[in-house]
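Each chain, written out:
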Amino acid sequence: MSEARQTVKDASQIPPSVAIGSNRRQLPKGNGSRLEDLTLVLLIMGIIATAVAVGIMYFLPRESEGRFWGSSLRKTPDSAFTIKIPLGVIATGGSITVKRNRQKICPSCDGQGAEDPNDVQTCSLCHGAGVRTVIQQMGPFQMQSKERCPKCGGQGVTITKPCAKCGGHRHVHTDEELVINIPKGIPENHVLILPQESDEMVGHAPGDVHVQVTSERDPKFSRRGDDLSTQMHLSLLDALIGYTIELNHVDGHAISSQKTNITSPNEIVTFKGEGLPIMNNPDQKGDLHVEMKVSLPKSLTSEQKKGFKELLSGQILEEE
């Protein structure tokens, strides 16, 4: 009995790896806590990496803000608007002047924002950097990030006596005229880009102005690509015996046409090369399409009715 008890006692002292089977190994004591520590470290490192990535995306130049890679200056945002111009200007080319309101660097203080250069002081909070460093404690780690200085608004300086014209804002809004050159035959909805004609801002290069050009509605002509269309009204007599007409083009020159036979109502007469010039190739032009409208008399006398009846009856007999 005592030997059996001794056997059980000895068996309880056998390591689990040996008692269960010789093919299994026992993990060293404390590995579980080390695994938890490693997981925590990886988690913290992931949080830090994400924060750094977000910071880089925030502070690095972005094309949407107008900064060019390799350039030290940001660009102000581009601006865009649409103008309608007469077909005559499209046919001949020319320039259009439009009025606009534009932000410009203050001419009084040259963008300093102060009456006198001595009134501009380096910010005491960010020491001229425009940003300040913020340290956040995350467990045993510290994370640094930068934010815009709340005292100077990111300018790096403070102004003791603001400029009387701009009020210390460094910029003013002025009404000015913008001259837009229109090339011959500019296509419908074509966009012209005017470099550096957008708003001005201190420390920035001006952005571009995008101008979309459309045709102004014309009382006589309509546009379809490089072709023009219009209508001419003929009397019944001209439609029957022929006509000689003269049509004034949108560019001012006259077009003559002659016909000696019958013109059907709504007949289309095409004048080759009398449309709009093709941009960048003004020697080539579209066509002009003229729809002939026949105007009928409102009433006829008895003699006129008799004459038309005899005329048309004779024509019918000849055709038969």
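What counts, and where the lines are drawn
Residues numbered from 1 in each chain as written. Predicted model: local features only at pLDDT ≥ 70, side-chain atom pairs only at ≥ 80, totals over all residues. Heavy atoms only, no water. Helix = DSSP H or I, 4+ residues; strand = E, 2+ residues; numbered from the N terminus. Buried < 20%, exposed > 50% of the residue type's maximum accessible area, 1.4 Å probe, protein only. Contact = heavy atoms within 4.5 Å. Areas by Shrake-Rupley, 256 points an atom, 1.4 Å probe, with all protein chains shown as cover. Pairing = 2+ DSSP bridges. Axes fitted to C-alpha atoms, helices over the stretch in contact; angles between N-to-C directions. Patch = residues over 30% accessible without salt bridge, like charges linked within 9 Å, V, L, I, M, F, W, Y side chains within 5 Å. Salt bridge = Lys/Arg side-chain N within 4 Å of Asp/Glu carboxyl O. 1 Å grid on protein atoms, 1.4 Å probe; cavity = no way out; pocket = protein on both sides within 12 Å on 5 of 7 lines; lining within 4 Å. Points joined across faces, edges and corners; volume = space filled by probe spheres on them. Nonpolar A, V, L, I, M, F, W, Y, C, P; charged D, E, K, R; others polar.

Peer 1: Describe the overall build of the chain, naming the residues involved and giving the relevant values.
Peer 2: Within the chain one finds 6 helices and 19 strands. The proportion of buried residues among the 320 residues of the chain is 27%. In the chain, the share of contacts with a sequence separation of at least 24, taken over all contacts with a separation of at least 6, comes to 63%. Surface summary for the chain: the accessible area is close to 22,200 Å², and the carbon and sulfur share equals 53%.

Peer 1: I'd like a description of the sheet that holds strand β19 (residues 288-295), backed by residues and values.
Peer 2: In a beta sheet, neighbouring strands are held together by backbone hydrogen bonds and run either parallel or antiparallel to one another. Spatial ordering of the open sheet is given by β12-β13-β19-β16, a layout of 4 strands whose pairing is mixed. For this open sheet the edge positions go to β12 (222-224) and β16 (267-271), each flanked by a neighbour on one side alone. Strand-to-strand twist across the sheet, computed as the mean angle between neighbouring axes with direction ignored, equals 30 degrees. The sheet contact formed by β12 and strand β13 (residues 227-235) spans 3 bridges and is antiparallel. Opposite R224, over in β13, you have D227 as the bridge partner.

Peer 1: I'd like to hear about a nonpolar patch on the surface, residue by residue, with values.
Peer 2: On the surface, a nonpolar cluster with roughly 370 Å² of combined accessible area is contributed by L38, V41, L42 and M45. With respect to the helices and strands, V41 occurs in helix α3 (residues 31-59).

Peer 1: Could you give me a rundown of empty space enclosed by the protein, with the residues and numbers involved?
Peer 2: One pass over the structure, following the stated rule, counts 1 cavity of 30 Å³ or more. Roughly 30 Å³ of volume is contained in the largest cavity. What lines the largest cavity is A91, H249, D251, G275, P277 and K285. When its residues are assigned to classes, the lining of the largest cavity shows 2 nonpolar, 2 polar and 2 charged.

Peer 1: Can you tell me about the side chain of S257, naming the residues and giving the values?
Peer 2: Mapped onto the secondary structure, S257 falls in strand β15 (residues 254-259). With near-sequence residues (within four places) excluded, S257 lies in contact with Y243, T244, I245 and F271.

Peer 1: Give a description of unusual backbone geometry that names residues and reports values.
Peer 2: Of note, the phi angle at D110 is positive, near 55 degrees, even though the residue is not glycine. By the secondary structure assignment, D110 is in the loop between β3 (94-105) and β4 (120-122). We note that H127 has phi near 60 degrees; this positive angle belongs to a residue other than glycine. Positionally, H127 belongs in the loop between β4 and β5 (131-138).

Peer 1: Pulling in residues and values, what's your account of the sheet that holds strand β2 (residues 79-85)?
Peer 2: In spatial order, the strands read β2-β11-β9; together these 3 strands make up an open sheet with mixed pairing. Each edge of the open sheet is held by one strand with a lone partner, namely β2 and β9 (190-194). With direction set aside, neighbouring strand axes in the sheet form an average angle of 25 degrees. By the bridge criterion, 7 bridges tie β2 to strand β11 (residues 209-215) in an arrangement that is parallel. Across the sheet, S79 pairs through a bridge with V209, a residue of β11.

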